[in-house]
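What follows is each chain in one-letter form.
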Amino acid sequence: MRTFSWIGGLPWWGQMGGGALGLFLLYGLVAYVRRRRQDNETEEHPSYEIRLPGGTLQIGNVQHVGGRSEQQDAFGFSDPSRPETIEQKGLLAIVADGMGGMEKGAAASNAAIQSMIGAHDDWGGDEAVPEWMRRAVGRANRAVLEVAEGAGLEGEVGTTLSAVLIYDNAIHWVSVGDSRVYLFREGELAQLTDDHVYARELQEQVREGEISAEEAAQHPERGALTSYLGMSKLKYINQNQRPLGLRDGDQLMICSDGLYNGLEEEQIQAALELSSQEACEALVQQVLGDAGEHQDNLTVMVLEYEQDDDLHQADQ
């Protein structure tokens, strides 16, 4: 897919590295948001080890512009530096993929990231997680609509969004569009999110006998998004209603379609046998090794959980 990225109105920002590499630290929302401004090389950020109640979470991340002229993916996570905040309302990690076929892709993806992190910052932790995540997505959608309105481009701005909240030793996720969340557990890979693409509706037409499987497979719009931030009314929001318990060794991968479209499931599984940062680097390099000149932006975050030894022994 194609994407956007923009960070506006920051109270402070800095640029690190040389040439194409830009690292923006978004302190106004007490969060870290990253993107690349220009592009010819992989953007690798330091991994983070975050203390959770009962264990640690290692976060790895890599971005690359691919064959595009602009980095329109964005990603971020809530402030990992305050243990009391993490204990009260967990850690939020997000990937957004601005739609390059539309306008203001970079602006939309970053607006969505900032809005979600702002919603997490404002959340008291007392509202049920599924309701809060759905409300936060609505807030992010309004932020993207405001980008469109401010540019006089109503109906022409959009982004996907996939987010994971690690809270109370459990996994919660929400997604709009076709960015994905995967869980790698005990050697098995599972896609947790649904893709909001026209191909799903075509498959329903096949089941109803309205079109043939061949027609569905060859439809030129099968990859078109059917739900994304920037719509006046979101058609689909995918999320889990019941928390999924976090287990020792779990790896959660959040990524844009520029990453997974270039990989087989077996390649993803093999990479996730590595540590979180090594996995991100291996995945991006595999995609780039086979990429053509039109390779999409790609972004991946991997969250690796290690349970404390005393709890792990108690579970055995």
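Provided above is the structure to which this section pertains.
Every residue gets a number counted from 1 within its own chain, in the order that chain's sequence is written. Reporting in this predicted model follows two pLDDT cut-offs: at least 70 for local features of residues, and 80 or more for side-chain atom pairs to be given and counted; totals over whole chains, interfaces and linings ignore these cut-offs and use all residues. The basis for every side-chain value is the complete set of heavy atoms in the structure, and neither hydrogens nor water enter the calculation.

Chemist: So what's going on with the nonpolar core? Residues and values would help.
Modeler: Among the nonpolar cores identified, the biggest contains 39 residues, and Ile94, Met116, Trp132, Val137, Leu161, Leu165 and Leu229 are the most heavily contacted of them. Elements represented by at least two residues in this core include exactly strand 6 (91-97), helix 2 (105-122), helix 3 (129-150), strand 7 (161-167) and strand 8 (170-176). Sorting elements by how many residues they give to this core places helix 3 first, with 10 residues. Every residue pair with non-hydrogen atoms within 4.5 Å of one another is taken to be in contact. When sequence neighbours within four positions are dropped, the list of residues in contact with Met116 reads Leu92, Ile94, Ala136, Val137, Ala140, Leu161, Ala163 and Val174. In plain words, nonpolar cores are sets of buried Ala, Val, Leu, Ile, Met, Phe, Trp, Tyr and Cys residues tied together by side-chain atoms within 4.5 Å. Only protein chains enter the accessibility calculation, which uses a 1.4 Å probe; a residue whose area is less than 20% of its type maximum is buried, one above 50% is exposed, and one in between is partly exposed. Counting from the N terminus, the helices are DSSP H or I runs at least four residues long and the strands are E runs at least two residues long.

Chemist: Quick rundown of the packing of aromatic side chains? Include the residues and the values.
Modeler: Paired rings are identified among Phe, Tyr and Trp, the last through its six-membered ring, by centres lying within 6.5 Å, and are further divided according to the angle between planes into stacked (under 30 degrees), edge-to-face (over 60) and tilted (the rest). Enumeration according to the criterion identifies 3 aromatic pairs in this entry. Relative to Phe77, the ring of Tyr48 lies with its centre 5.3 Å away and its plane at 65 degrees, an arrangement referred to as edge-to-face. One end of the pair, Tyr48, is in strand 3 (residues 48-52); the other, Phe77, is in strand 5 (residues 73-78), with 29 residues separating them in the sequence. Look at Trp123 and Trp132: their rings are 4.7 Å apart centre to centre, the planes differ by 15 degrees, and that puts the pair in the stacked class. On the accessibility criterion, Trp132 (1% relative accessible area) is buried. Aromatic ring contacts, followed pair by pair, group Trp123, Trp132 and Tyr167 into a single cluster.

Chemist: Explain the pairing of strand 6 residue by residue, including any values.
Modeler: The buried fraction of strand 6 amounts to 7 of the 7 residues, a majority that puts the element mostly inside the structure. The two faces of strand 6 match: Leu91, Ala93, Val95 and Asp97 on one face and Leu92, Ile94 and Ala96 on the other face are all buried. Pairing between two strands requires that DSSP report at least two bridges joining them. The pairing of strand 5 with strand 6 spans 5 bridges and is antiparallel. When the sheet's bridge partners are listed, Phe77 is paired in strand 6 with Ala93.

Chemist: Give a detailed account of the packing of helix 2 against helix 3, specifying residues and quantitative values.
Modeler: At their nearest, the axes of helix 2 and helix 3 sit 8 Å apart, and the two run at 140 degrees to each other. When the axis of helix 2 is compared with that of helix 3, the two are oblique. Between helix 2 and helix 3 lies a crossing whose hand is right-handed. Facing helix 2, whose interface residues are Ala107, Ala108, Ala111, Ala112, Ser115, Met116, Gly118, Ala119, His120 and Asp122, helix 3 presents Trp132, Ala136, Val137, Arg139, Ala140, Ala143, Val144 and Val147. Considered class by class, the residues forming the contact of helix 2 with helix 3 number 13 nonpolar, 3 polar and 2 charged. To obtain each axis, a line is fitted to C-alpha atoms, and for helices this fit is confined to the stretch in contact; angles are then taken between N-to-C directions over 0 to 180 degrees. Any angle from 65 to 115 degrees is called roughly perpendicular, while one under 35 is roughly parallel, one over 145 is roughly antiparallel, and all others are oblique. For any helix crossing, the convention is left-handed if the near helix is rotated counterclockwise from the far helix by under a right angle, and right-handed if that rotation is clockwise. When residues are sorted by character, Ala, Val, Leu, Ile, Met, Phe, Trp, Tyr, Cys and Pro go into the nonpolar class, Asp, Glu, Lys and Arg into the charged class, and all the rest, Gly among them, into the polar class.

Chemist: An account of the pattern of salt bridges is needed here, citing residue identities and associated values.
Modeler: Basic side-chain nitrogens of Lys or Arg form a salt bridge, by our definition, when they fall within 4 Å of a carboxyl oxygen of Asp or Glu. Inspection of the entire model under this criterion finds 10 salt bridges. Arg185 serves as the salt-bridge partner of Asp250, at 2.6 Å between the closest nitrogen and oxygen. Residue Asp250 is located in the loop between strand 12 (244-245) and strand 13 (251-255), and its partner Arg185 is located in strand 9 (residues 180-185); the two are separated by 65 residues in the primary sequence. Under the relative-accessibility criterion, Arg185 is labelled buried at 13%.

Chemist: Let's hear about the environment of Gly155: which residues, and what values?
Modeler: Looking at the secondary structure, you find Gly155 in the loop between helix 3 and strand 7. Residue classification places Gly155 among the exposed residues on the basis of a relative accessible area of 55%. On a C-alpha basis, the gap between Gly155 and Leu145 in space is 8.2 Å, while along the polypeptide they are 10 residues apart.

Chemist: Could you give an account of the state of the cysteines, with specific residues and numbers?
Modeler: Each disulfide is one covalent bond, formed between the sulfur atoms of two cysteines. In this description, a disulfide is simply a cysteine sulfur pair whose atoms lie within 2.5 Å. Following the criterion strictly, the structure yields 0 disulfides and no others. Of all cysteine sulfurs in the structure, the one in Cys280 sits closest to Cys255, which takes part in no disulfide; the separation is 9.7 Å. Owing to a relative accessible area of 0%, Cys255 belongs among the buried residues under this scheme. Accessibility expressed as a relative area gives 0% for Cys280, which makes it buried.

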